[in-house]
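Residue-level structural notes
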Amino acid sequence: MPSLSAFFSRPRLVFATAIFFRLALLIYGRWQDANSAVKYTDVDYLVFTDAARFLSRGRSLYDRATYRYTPLLAWLLYPTTWGGWYFEFGKTLFAAGDIVTGWLVYIILRKHKGMGTERAMRFAGIWLLNPMVANISTRGSSEGLVAAVVVALLWAVLERRIEVAGCLLGLGVHFKIYPFIYAASVFWWLGGNAVRAKGENVVRPRWYEVVTTFVSPARVRLVLSSGITFMLLNGVIYGLPFLEHTYLYHFTRIDHRHNFSVYNTVLHLNSAYYQEAAGLKIESLAFIPQLFLSLFAIPALLAKKDLASAMLAQTFAFVTFNKVCTSQYFLWYMVFLPFYLPDSSLLRRPRLGITALVLWVLGQAAWLQQGYQLEFLGMSTFVPGLWIASIGFFLVNCWILGVIVADVGDKEDVVIPVVALESKKGR
Amino acid sequence: MKQRITYLVPQGHGIDPASIQTSNDTLTFADAKDAAVEKRVTAGLSELPAELVTVLQDVHELHIRWSSRLNYAAPSPFTSRLPPGLHVFFTPRKANADVNICPLLKQLFSPDLKCDSVAHSFSSPPILSERFSHSSSYQYFHPLARLLHFQTFLARTLCGKFKGLCVNEAAALSYASYVDIDFDAISHAVTLTAFWREGIEAGAARTVARKWRGGDSLEVGILQSEVADEVEEVKMGGYLTVVGEEDGEPGPTLFSFPSRHHALSPQNSTSNTNSTPPTSPTFSAHFQHPPGLHPNLAITFPHPQHLAPPKDSCALHAYLTLPSALFIDRYQLADPLFLASHNLVALHSLSGEQDLEAPDWVIKRWGSAALLELATPPPSTITTTNASSGPADEWTVTIPTHLRYLQAPSANTNTTTTPTPNTPHTNTNTTSAGRVSLEIPHPSLFWACEAQEGLKMSVNPFDRVNLGYDGLFGPKTMFYHIPPTALDADGGRNVLVERLEVPVLEPGAGAKWGVQVGTLVAVGVGFGWVLWVLFGGKAGAGRRGKGAGVGVAQKTKKEGGEVVQEKKADRVKGQ
């Protein structure tokens, strides 16, 4: 369509639209909060702002029930304690984070994927103009901030700014634990050539070459900068309540309120009736497929083919195999879609793409329907309703993950001609 | 041992002195069956069994209040009410000392009480001021239906000494509307107070007023409520006697005293027609359907036109004690718009277990106590001249609560095919597959009003303190109680608990549906599929042969070239 084409070929217009869209939602949200018993603002945002208020009065953040985040977040939201319109400061910050993320996606697509303006803008629009993303950020959920940090990490790595990447990695892990999986893919990606072209031949590195070049200067810089950042952030905010609520909580959490995760029913059963738990400790076993895929297999096999898509696959695997899964987690991998979709079979074969999307939505819809019956109609849909729905959604996600992995695996390895490597002069 | 028995003759009856017969150690009142009775027995520590005394050594004060779940009329001066069940208020002698009265409570009332230790199972209600003595440090509640266990304990331990009629006294407690047990370290005495409503048919409810042994004192009053001079006072007239004294004839008496708790006087609606008799406001409570996991407790006032504050500066309150299966979210109730949509004014106090996420099986505390201020209907409803009272005229206040995840009871009761009189540990019964039945006590409703200065409420011989909610107000507060409706929706006597059907995950469901194995299989299938795609089928493009490799080199020269450039740049930079 000509008008769409004209729209996307003017980045400033698209960004302006995205900003305006979010501003409108922010103002609407404030109006709804003031005039309706049903609030636009997310409950989590009230937790953050309460914690910021506690901070301003010198009390402990963790007095606020369900505050399980880094103190950085409460500090960032300090202006919300000034009252009036300043209360929306946090939401504005998160929405701004969205825009920054979108901009970073755009420049990565342009520079490192070699896309034209319009095409890059279209794919960046998946994030910028996505109503779900805008809704989540303007309601006051902090997922957008983490997405910004993660995309900035990707940008820094592709720009070969290792220290910046390391700091962002440390910051991301401090904020929400899951970005530690990107350490694996970035680390592996920094290892350099996947294959080398020797004259007219392509040579894969021998195993001993892999081993001897394992500790490369780039990798050392990454590990050091991320480790130091992480330690600093934790050290500055040292304290048992922090550790307990931010990190340890995630290992011992027992609130198995129903969620999308495939393990939810089993964990609920085992928690309520520990005599019935069949010897297997699902809580510990569940880490195995999740970490094997997201921390080892996917980075090792796919990181060097396409870092951004590998990060998508990692995140997708992490969320799918996680013990808890809520719709906010989908944003974690959604931010990588603009990098993966251009070359993906989901776009090349529209039927496949549409099927995947429809199944993904239907899987959630089925679960939500059972959840509605439980929460609001009081029907006992734990088993089989919610359980089967969660298994269905899980299998759909595994299939989609398979498609992603196949697509990335099909890509050609990144090749560095030996000739170019050995010459010290520029091309 | 001191006894004080008060017969409260209902309005409209006269008190005929001839109906009172006294002897050396008994008193017989012929019209006793129409009267409400309050009995108060005070015993010194030396008269109690040793096991009780050792526990009470470490206790500064202990107040136990049990209220029946059958509705009853509460005449003045016995108007104070509590949610039905067992309330325990307790302060240890040394602050923060770990005094465990749980074994004592289980021994006295039921082995099924959810009580491990004071620190874990009791809650700490907010204390308004250190000097205000009407709130204890710790609070506990259990929806106990009957006192059978306690009666058995009394009969076994105390009646050994007193024999015979003592067992009748213990048995008569089955008909009591409320029973109070008070101990404080200063007086070294334990007081048991019980109240029976008027008009109980069963003969077993009444016992003769008799001294249990020589040396005891027995004081009997046969009284009737009179119209008080001051609005805040209660006036009683009748006959008082101390049995066994020389001057044994009952002496007439008339006295008034300020009282904390009052009944609401019937109010005329300001209507032109005289056909509506003056009625007092009442309330009924039920959970709205369908309750789901977020049940709303609806408090309905059938005649809102009578719901006017009895004085200036009064506020309508509801006091709830919720077992741990239900909880109130204080953050939700902080928003004025949300409160207004439920006809609430504010959540004034919430103490106890307030974890918003934990399931019930990890909660050790008994639950939570909440004090809410309710909104009253706008004045136009109160002065309406419409005498009919259809459902449209009702005023409803809703209290939003939330359910924790529950266990199905068969998992943790390790005995019994025979039903016990007391409900099992989690106070639940399975009714149908996948559901559990909870019993939630109704709240107590009252107007809290500011009292005049200079009133000495403790002069009241029938004073009842440590009720949980009175400690949340200042000392100069008067309570006007709104009683529950006499009959429930079915026309039977109103039982002051609500049944709630809660969906629950049954342990058998795991085996029945193969949840454990099924989940493992599903995860295995998904995991295996992804692995196969990763390692097997399609990810092996990089291992194609030489020829393709060359093509590869040329095809990806641009991308590879870019990478090369960056890498070279790094080398130049001195990587």
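- Within an unreviewed UniProt entry, the label attached to chain B reads Protein PBN1, and the organism entered is Oleoguttula mirabilis.
- Checking UniProt for chain B, the heading Sequence similarities (unreviewed entry) contains the comment "Belongs to the PIGX family."
- Recorded in UniProt for chain B, the comment headed Function (unreviewed entry) runs: "Required for proper folding and/or the stability of a subset of proteins in the endoplasmic reticulum. Component of glycosylphosphatidylinositol-mannosyltransferase 1 which transfers the first of the 4 mannoses in the GPI-anchor precursors during GPI-anchor biosynthesis. Probably acts by stabilizing the mannosyltransferase GPI14."

1. Some details on the overall build of chain A
- The helix and strand tally for chain A stands at 23 helices and three strands.
- The contacts in chain A between residues at least 6 apart in sequence include a share of 73% that link residues at least 24 apart.
- Surface exposure of chain A reaches about 18200 Å², of which carbon and sulfur atoms provide 68%.

2. Quick look at the sheet that holds strand 2 (residues 20–22) of chain B
Residue and element names in this part refer to chain B.
- Strand order in the open sheet made by the three strands is 2-3-10, with antiparallel pairing throughout. What marks the edges here is a single partner per strand, and that holds for strand 2 and strand 10 (209–210).
- Of the strand pairs in this sheet, strand 3 (residues 26–29) and strand 10 are connected by two bridges, and their pairing is antiparallel. When the sheet's bridge partners are listed, L27 is paired in strand 10 with A209.

3. Remarks on the pairing of strand 4 (residues 36–44) of chain B
Residue and element names in this part refer to chain B.
- When you tally the buried positions in strand 4, you get seven out of nine residues, the bulk of the element.
- Sheet analysis places strand 1 (residues 2–9) next to strand 4, joined by seven bridges and oriented antiparallel. Opposite L8, over in strand 4, you have A36 as the bridge partner.
- Across eight bridges, strand 4 lies against strand 9 (residues 189–196) in antiparallel orientation. Its bridge partner being in strand 9, G44 is matched across the sheet by A189.

4. Considerations on the state of the cysteines
Residue and element names in this part refer to chain B.
- Tallied over the full model, the rule gives two disulfides over all chains.
- In this model C102 forms its disulfide with C115; the gap between the sulfur atoms is 1.9 Å. Looking down the S-S bond of the C102 and C115 bridge, the torsion is -70 degrees, so its handedness is left-handed. Within this pair, whereas C102 is found in helix 2 (residues 102–108), its partner C115 is found in the loop between helix 2 and helix 3 (118–121), the two being separated by 13 residues in sequence.

5. Comments concerning the pattern of salt bridges
Residue and element names in this part refer to chain A.
- Scanning the entire structure with this criterion turns up 26 salt bridges over all chains.
- E118 is the partner of R122 in a salt bridge, and the nearest nitrogen-oxygen pair spans 2.9 Å. With a gap of four residues between them, R122 and E118 both fall in helix 6 (residues 117–128), about one helical turn apart.
- Judged by relative accessible area, R122 falls into the partly exposed class, the value being 34%.
- Of the charged contacts, one joins D306 and K411 as a salt bridge, the two residues approaching to 2.5 Å between their closest N and O atoms. On the criterion of sequence distance, the pair formed by D306 in the loop between helix 16 (287–302) and helix 17 (307–320) and K411 in the loop between helix 22 (382–410) and strand 3 (415–417) is long-range, its members being 105 residues apart. The residues D306 and K411 share a single accessibility class, namely buried.
- Several salt bridges converge on common partners, so that one network encompasses K113, D306, D343 and K411.

6. As for the packing of aromatic side chains
- Counted according to the given criterion, the structure contains 50 aromatic pairs over all chains.
- When the centroid spacing of 6.0 Å and the interplanar angle of 55 degrees are considered together, the rings of F257 of chain B and F462 of chain B count as tilted. Note that F257 of chain B is positioned in strand 13 (residues 251–258) and F462 of chain B in the loop between strand 25 (444–450) and strand 26 (477–482), a separation of 205 residues in sequence.
- Judged by relative accessible area, which is 2%, F257 of chain B ranks as buried.
- Through pairs of rings, three or more aromatic residues link up here, namely Y178, F180, Y182, F318, Y329, W332, F336 and F339 of chain A.
- Above the face of the Y178 of chain B ring, R464 of chain B is positioned so that its terminal group lies 3.7 Å from the ring centre.

Rules and cut-offs
Residues numbered from 1 in each chain as written. Chains lettered and ligands numbered in written order. Predicted model: local features only at pLDDT ≥ 70, side-chain atom pairs only at ≥ 80, totals over all residues. Heavy atoms only, no water. UniProt positions renumbered as here; feature names shortened; annotations may be inferred. Helix = DSSP H or I, 4+ residues; strand = E, 2+ residues; numbered from the N terminus. Contact = heavy atoms within 4.5 Å. Areas by Shrake-Rupley, 256 points an atom, 1.4 Å probe, with all protein chains shown as cover. Pairing = 2+ DSSP bridges. Buried < 20%, exposed > 50% of the residue type's maximum accessible area, 1.4 Å probe, protein only. Disulfide = S-S within 2.5 Å. Salt bridge = Lys/Arg side-chain N within 4 Å of Asp/Glu carboxyl O. Phe/Tyr/Trp six-rings, centres within 6.5 Å; stacked < 30°, edge-to-face > 60°. Lys NZ or Arg CZ within 6 Å of the ring centre and 35° of its normal.

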